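Below, each chain spelled out in residue letters.
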Amino acid sequence: MVWFHVNESMVTDESVPVLKEANSPVIHLTVNLHGVLRIQATKVGSNNVLTQIICLAETAQMSKALVQKFADFVHLCCYWSIS
C-alpha cells in the first residue's frame with residue numbers, strides 16, 4: 001500500500017499535512033510533501049473546488065446582507081427628511 005502526505009492548506013486552511021493512500025481523492029492546489037504522485041483529474045472546468053469558491057465569493061460580494069439593506073433604507077429616509 002502506498003501512503004503519502006499532502007498539504008491542502010491553500011484550500012482547507014488545515015495546518016497539518018493530510019495522509020493519503022492510493023486512489024484517494026486529492027484537492028487541486030495541494031502540495032505533495034514526499035515522493036511522486038500519479039494523479040487523474042476527475043473534476044475540471046466549472047466542476048472543481050476553486051471555481052465553486054470563486055462563484056460563492058462573487059455571489060457574496062454582489063449581494064447585501066439584510067442589515068445593510070436596512071441601513072441603506074434608514075440612510076435614505078434621513079437624507080430625504082433633512083433635504
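It should be emphasised that the depicted structure is a prediction, and the values quoted were computed from it without experimental measurement.

## Regarding a nonpolar patch on the surface
Part 1 of the reasoning: A grouping of Met 10, Leu 29, Leu 50 and Ile 54 is seen on the molecular surface, where their side chains present a nonpolar patch of about 360 Å² in accessible area.
Part 2 of the reasoning: On the secondary structure map, Met 10 appears in helix α1 (residues 9-12).

## Overview of the sheet that holds strand β3 (residues 31-32)
Part 1 of the reasoning: An order of β2-β1-β3 is seen for the three strands of this open sheet, with the pairing classed as antiparallel. Of all the strands in the sheet, the pair left with one neighbour each is β2 (18-21) and β3.
Part 2 of the reasoning: Sheet topology note: the strand β1 (residues 3-7)/β3 ladder contains two bridges and is antiparallel. Pairing of Asn 7 across the sheet is with Val 31, part of β3.

## A look at helix α2 (residues 49-62)
Part 1 of the reasoning: Here α2 contains 14 residues, and its C-alpha end-to-end distance of 20 Å stays within 8% of the 20 Å for a straight helix at 1.5 Å per residue.
Part 2 of the reasoning: A distance of 3.3 Å separates the backbone nitrogen of Leu 50 from a side-chain oxygen at the start of α2, and that oxygen is part of Asn 48.

## As for the side chain of Lys 20
Part 1 of the reasoning: Structurally, the position occupied by Lys 20 is in strand β2.
Part 2 of the reasoning: There is a polar contact of 2.9 Å between the side chain of Lys 20 and the backbone oxygen of Pro 25.
Part 3 of the reasoning: Sequence-distant contacts of Lys 20, defined by excluding residues within four places in its chain, comprise Val 2, Trp 3, Phe 4, Val 6, Glu 8 and Pro 25.

## A look at the confidence of the model for the protein
Part 1 of the reasoning: Within the protein, residue pLDDT values average 82, and 98% of them lie at 70 or more.
Part 2 of the reasoning: The lowest-confidence element of the protein is α1, averaging 82 in pLDDT; the highest-confidence one is α2, averaging 86.

Cut-offs used in this document
- Residues numbered from 1 in each chain as written.
- Predicted model: local features only at pLDDT ≥ 70, side-chain atom pairs only at ≥ 80, totals over all residues.
- Heavy atoms only, no water.
- Patch = residues over 30% accessible without salt bridge, like charges linked within 9 Å, V, L, I, M, F, W, Y side chains within 5 Å.
- Areas by Shrake-Rupley, 256 points an atom, 1.4 Å probe, with all protein chains shown as cover.
- Salt bridge = Lys/Arg side-chain N within 4 Å of Asp/Glu carboxyl O.
- Helix = DSSP H or I, 4+ residues; strand = E, 2+ residues; numbered from the N terminus.
- Pairing = 2+ DSSP bridges.
- Expected span 1.5 Å × (residues − 1).
- Polar contact = N/O pair within 3.5 Å; in protein donor to acceptor, adjacent residues only side chain to side chain.
- Contact = heavy atoms within 4.5 Å.
- pLDDT = per-residue confidence, 0-100.

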